[in-house]
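Given next are the chains, with one letter for each unit.
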Protein chains: 2
Amino acid sequence: MPVVISSQPKSLPIREGNVYAANCPSRSVLDHVTSRWGSLVLVLLLARTLRFGELAREIGGVSQKMLAQSLQVLESDGFILRTVYPTKPPKVEYSLTPLGREVAQHVQALTGWVEQNVTTILEHRENMQKSQD
Amino acid sequence: MPVVISSQPKSLPIREGNVYAANCPSRSVLDHVTSRWGSLVLVLLLARTLRFGELAREIGGVSQKMLAQSLQVLESDGFILRTVYPTKPPKVEYSLTPLGREVAQHVQALTGWVEQNVTTILEHRENMQKSQD
């Protein structure tokens, strides 16, 4: 009977990339999903499908150019689906793909944690500042 | 019997910040924990306490200057503890605070997901490219 040698326990998911390697393409994906506007777009689309103008209104401080660029990058990675309806003027809607939902849930966990703990963090910053004065 | 009206279900954690508001300080915290080097530092320190040189070796492509800056920012936010031992030369170790462990776990979930799914994402990028050629 052959002995099966597994280099990785079955319970661990297979890592296809390594974000610690300088030339690994996983780094560019991480950049896209953690970018200022990309991260906020992903979390908004978890709630529902949105039009460009709706996204622009929800995200304080984003320019039309930066939003368009962020949407394009996330679409290219397969996270976002862009649907164009042949109306006049054309209606364009953005939604998450199943892959996009997965990553957006992790991003939401992170942004949610930051929103919940910002007061503690700001207090710490102030105390550090005081102790250095 | 009085009717208790709760504006927020008790099961939901209180949000102290709003990352969708342009001037909310939670945005700077999100920047720090999702920054290229900051995110990788947090995940490495989840495994164990590390010295500066060890961190620099583990993170491909980081410069000493960028690593030092990232560590300082994460220390100021209260995520990282810097311990200096009075040896000659002084030994400096970096570890996570309890707050740092919490946020690092969310970052690790995200980087892990990206590492596991990078092949699918790269395939999608190639197909998008082909369909546009």
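Note: the structure precedes this text.
Since the structure is predicted, the reported quantities are computational estimates derived from the model, not experimental observations. The written sequence of each chain sets the order in which its residues are numbered from 1. As they are written, the chains are lettered A onward and the ligands numbered 1 onward, keeping that order. The predicted origin of the model limits local features to residues at a pLDDT of at least 70 and limits the giving and counting of side-chain atom pairs to 80 or more, whereas totals for whole chains, interfaces and linings rest on all residues. With hydrogens and water stripped out, all remaining heavy atoms of the structure feed into the side-chain values.

> What exactly am I supposed to notice about the overall build of chain A here?
Looking only at helices and strands, one finds five helices and three strands in chain A. The linear arrangement of helices and strands in chain A, starting from the amino end, is α-α-β-α-α-β-β-α. Atoms counted for the radius of gyration: C-alpha only. Globule rule: 2.2 Å times the number of residues to the power 0.38. Scaling as 2.2 N^0.38, a compact globule of 133 residues should have a C-alpha radius of gyration of about 14 Å, whereas chain A reaches 20 Å, well beyond that. With 133 residues in all, chain A has 41% of them scored as buried. Starting at the N terminus, helices and strands are each numbered in turn, a helix being any DSSP run of H or I of at least four residues and a strand any DSSP run of E of at least two. Think of it in three bands: with a 1.4 Å probe and only protein chains considered, a residue is buried below 20% of the maximum accessible area for its type, exposed above 50%, and partly exposed in between.

> Would you take a moment to explain helix α4 (residues 64-76) of chain B for this structure?
Every α-helix winds through 3.6 residues per turn, so residues three or four apart in the chain are directed the same way. Residues and elements named next belong to chain B. With 13 residues, α4 ought to run about 18 Å at 1.5 Å a step, and its terminal C-alpha atoms sit 18 Å apart, in line with that. Contacts: residue pairs with any heavy atoms within 4.5 Å of one another. In this fold, the buried residues of α4 make contact with α1 (26-34), α2 (36-47), α3 (52-58), β2 (80-85) and β3 (91-96). Residue G78 follows α4 closely and has a positive phi angle near 90 degrees. In this scheme, a helix's expected span is set at 1.5 Å multiplied by one less than its residue total.

> Mind showing me how you'd approach the sheet that holds β2(B) here?
Adjacent strands of a sheet pair through backbone hydrogen bonds, lying either parallel or antiparallel. Residue and element names in this part refer to chain B. Two strands are counted as paired when DSSP detects at least two bridges linking them. Strand order in this open sheet of three strands is β1-β3-β2, and the pairing throughout is antiparallel. Of all the strands in the sheet, just β1 (50-51) and β2 have a single pairing partner and so form its edges. Bridge count for β1 against β3 is two bridges, and the pairing is antiparallel. From the neighbouring strand, L50 faces β3, where its bridge partner is Y94. Between N-to-C directions, angles span 0 to 180 degrees; the directions come from axes that are lines fitted to C-alpha atoms, helices contributing only their stretch in contact. Contacting β1, β2 and β3, α2 runs over the sheet at an angle of about 95 degrees to β3.

> Just to check I follow, could you spell out the pattern of salt bridges for this structure?
When the charged atoms of two side chains with opposite charge come close together, those side chains can pair. Only one rule defines a salt bridge in this text: a Lys or Arg side-chain nitrogen within 4 Å of an Asp or Glu carboxyl oxygen. Enumeration according to the criterion identifies 10 salt bridges over all chains in this entry. With a closest N to O distance of 2.5 Å, B:R125 and A:D77 form a salt bridge. Placement of B:R125 in helix α5 (residues 98-132) and of A:D77 in the loop between α4 (64-76) and β2 (80-85) is noted, with the two residues assigned to different chains. By relative accessible area, B:R125 is classed as partly exposed at 22%. B:R48 serves as the salt-bridge partner of B:E54, at 3.6 Å between the closest nitrogen and oxygen.

> What's the story with the relation of the copies chain A and chain B in this structure? I'm lost.
Superposition of the copies used a least-squares fit over C-alpha atoms from residues whose pLDDT is at least 70 in both. Laying chain A over chain B is done by rotating through 180 degrees and shifting 0.0 Å along the axis; what remains is an RMSD of 0.0 Å. Taken together, these values place the two copies in the relation of a two-fold axis. Minimal C-alpha distance to the rotation axis in chain A is attained by A:T34, lying at 2.9 Å. A shared binding surface is used by both copies, with 100% of the interface residues of chain A retained as interface residues in chain B.

> Is there a simple way to explain the sheet that holds strand β3 (residues 91-96) of chain A in this structure?
Residue and element names in this part refer to chain A. Reading across the sheet, the three strands line up as β1-β3-β2 and stay open at both edges, with antiparallel pairing between neighbours. Edge strands, defined here as strands with exactly one partner in the open sheet, are β1 (50-51) and β2. Relative to β3, β2 runs antiparallel, the two being bridged by six bridges. When the bridges of β3 are listed, V84 appears paired with V92. Across the sheet, helix α2 (residues 36-47) touches β1, β2 and β3, and the angle it forms with β3 is around 95 degrees.

> Sorry if this is basic, but what is going on with α2(B) here?
Counted residue by residue, α2(B) has 10 buried out of 12 residues, so it is predominantly covered. Along α2(B), the residues classified as buried are B:W37, B:G38, B:S39, B:L40, B:V41, B:L42, B:V43, B:L44, B:L45 and B:L46.

> What am I meant to see in the interface of chain A and chain B here?
Where interface size is quoted, it is often the accessible area lost as the parts come together. On the chain B side, the residues contacting the 55 residues of chain A number 55 residues. Buried area: the accessible surface (1.4 Å probe) lost by two parts on joining, summed over both. Surface buried jointly by chain A and chain B totals about 5,000 Å² across both partners, of which 62% is contributed by carbon and sulfur atoms. Three residues, A:Y20, A:W113 and A:E115, lead the burial of chain A against chain B; their summed loss comes to 16% of the area buried on that side. The tally of links from chain A across to chain B stands at six salt bridges. Elements supplying a minimum of two residues to the side of chain A that touches chain B: α1 (26-34), α2, α4 and α5 (98-132) of chain A. Examining the composition of the side of chain A that touches chain B, we find that 21 residues originate from one element, α5(A), more than from any other. Residues are grouped as follows: Ala, Val, Leu, Ile, Met, Phe, Trp, Tyr, Cys and Pro are nonpolar; Asp, Glu, Lys and Arg are charged; all remaining types, including Gly, are polar. Of the residues belonging to the side of chain A that touches chain B, the class tally is 26 nonpolar, 18 polar and 11 charged.

> Honestly, the nonpolar core in this entry has me stumped. Any pointers?
Most often, soluble globular proteins have nonpolar side chains that are buried together. To qualify as a nonpolar core, a set must consist of buried Ala, Val, Leu, Ile, Met, Phe, Trp, Tyr and Cys residues joined through side-chain atoms within 4.5 Å. A:L42, A:I59, A:F79, B:L42, B:I59 and B:F79 are the most contacted members of the largest nonpolar core, which totals 68 residues. Those residues in contact with B:L42 that lie beyond four places of it in its chain are B:V33, B:L74, B:F79, B:L96, B:V103, B:A104 and B:V107.

> When you look at the packing of aromatic side chains in this model, what are you seeing that I'm missing?
Centre-to-centre distance and the angle between the planes together describe a pair of aromatic rings. Two rings from Phe, Tyr or Trp (for Trp, the six-membered ring) form a pair when their centres sit within 6.5 Å of each other. Planes less than 30 degrees apart are called stacked, planes more than 60 degrees apart edge-to-face, and all others tilted. Summed over all chains, the structure comprises two aromatic pairs over all chains. Ring geometry for A:F79 against B:W113: centres 6.0 Å apart, planes inclined by 50 degrees, an arrangement best described as tilted. One end of the pair, A:F79, is in the loop between α4 and β2; the other, B:W113, is in helix α5, on a second chain. Both a distance and an angle decide whether a charge sits over a ring: NZ of Lys or CZ of Arg must be within 6 Å of the ring centre and within 35 degrees of the ring normal. Sitting above the plane of the B:W37 ring, B:R36 keeps its charged end 5.5 Å from the centroid. Lying across the ring of B:Y85, B:K91 places its NZ or CZ 5.3 Å from the centre.

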